[in-house]
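# What the coordinates show
Spelled out, the chains give:
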Amino acid sequence: MNKLIFATNNPHKLQEVQQMLAGKYRIVSLEELGCHEEIPETADSLQGNALMKARYIHQKYGVYCFADDTGLEVEALDGAPGVYSARYAGEHCSPADNRQKLLAALKEVASPRKARFRTVIALIDEKGEHCFEGAVEGEITTAEYGDAGFGYDPIFKPDGYQQTFAQMTGEQKGEISHRGKAIQNLAEYLNQ
């Protein structure tokens, strides 16, 4: 089975990607690689941050790898929090803090509160650098629903569904999510 290094310290992202690529690739975490430092994410775009993380691991460890960055873009907030989604409520905030700040910011906004989740994956392999994107349209709910998933999942309901990502199984979410679509694009490239 082929081995892929995933440049993340986020255990939830790691588990999600491992489920999506199970049986095809063995996904190796940064911890397993021996990388325990925080990788900078200072670019002003999702693609820039994904490339920054992949390049860091590739240069420091000399391995082929991939990294991702994800942003939640809310129409009523002109695309915010976007690239700052993970630290929307401050540098050392929790996912719950981010959700609370977003719900407060949208308190006076009527439904539907349109939003889009986007993921960009950057892969560095023997052929160079490649980027793969996935997106899902939806809306921000008025309260939190469900306890699965992570991040903004309890307040994001994808178009065409009555459940938030946090109310879905990992498999259901993986089939329609932004990260799932980006991983599918990555897998198609890897399987060529």
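Residues numbered from 1 in each chain as written. Predicted model: local features only at pLDDT ≥ 70, side-chain atom pairs only at ≥ 80, totals over all residues. Heavy atoms only, no water.

The protein has the name dITP/XTP pyrophosphatase in an unreviewed UniProt entry, where Porphyromonas crevioricanis JCM 15906 is given as its organism. Looking at the protein in UniProt, the text filed under Subunit (unreviewed entry) is "Homodimer." (UniProt positions renumbered as here; feature names shortened; annotations may be inferred.)

Let us now look at the overall build of the protein. On a plain count of helices and strands, the protein comes out with 6 helices and 7 strands. Each helix and strand of the protein, ordered N terminal to C terminal, gives the series β-α-β-α-α-β-β-α-β-β-β-α-α. Taking the principal axes of the C-alpha coordinates as reference, the protein spans close to 50 × 30 × 25 Å. The proportion of buried residues among the 192 residues of the protein is 47%. By sequence separation, contacts in the protein at least 24 residues apart represent 54% of the contacts at least 6 residues apart. (Helix = DSSP H or I, 4+ residues; strand = E, 2+ residues; numbered from the N terminus. Buried < 20%, exposed > 50% of the residue type's maximum accessible area, 1.4 Å probe, protein only. Contact = heavy atoms within 4.5 Å.)

Overall, the coordinates contain 13 salt bridges when judged by the stated rule. Here Glu-32 and Arg-26 are joined by a salt bridge, their closest N and O atoms 2.8 Å apart. The residue Asp-153 makes a salt bridge to Lys-173 at a minimum N-O spacing of 2.6 Å. Of this pair, Asp-153 sits in the loop between strand 6 (128–140) and strand 7 (156–158) while Lys-173 sits in helix 5 (residues 170–176), and the two are 20 residues apart along the sequence. In terms of burial, Asp-153 and Lys-173 fall into one category: buried. Put simply, Lys-13, Glu-16, Asp-68, Asp-153, Lys-173 and Arg-179 are held in one network by salt bridges that share partners. (Salt bridge = Lys/Arg side-chain N within 4 Å of Asp/Glu carboxyl O.)

Under the UniProt annotation, the feature "binding site: Mg(2+)" (unreviewed entry) is placed at Asp-69. Structurally, the position occupied by Asp-69 is in strand 3 (residues 65–74). Not counting residues within four places of it along the chain, the set of residues in contact with Asp-69 comprises Glu-41, Ser-45, Leu-46, Asn-49, Ala-50, Lys-53, Val-83, Arg-118, Thr-119 and Val-120. Within the structure, Asp-69 has its side chain in polar contact with the side chain of Asn-49 (distance 3.0 Å). (Polar contact = N/O pair within 3.5 Å; in protein donor to acceptor, adjacent residues only side chain to side chain.)

Quick look at the layout of surface pockets now. Counted as a void, the largest pocket has a volume near 980 Å³. If you trace the largest pocket, you find 35 residues lining it, with Asn-10, Lys-13, Glu-41, Ala-86 and Arg-87 closest to the centre. Going through the elements one at a time, helix 1 (11–20), strand 3, helix 4 (95–105) and helix 6 (178–190) are the ones with two or more residues in the lining of the largest pocket. With 4 residues, strand 3 is the largest single contributor of residues to the lining of the largest pocket. For the lining of the largest pocket, the residue count by class is 12 nonpolar, 13 polar and 10 charged. (1 Å grid on protein atoms, 1.4 Å probe; cavity = no way out; pocket = protein on both sides within 12 Å on 5 of 7 lines; lining within 4 Å. Points joined across faces, edges and corners; volume = space filled by probe spheres on them. Nonpolar A, V, L, I, M, F, W, Y, C, P; charged D, E, K, R; others polar.)

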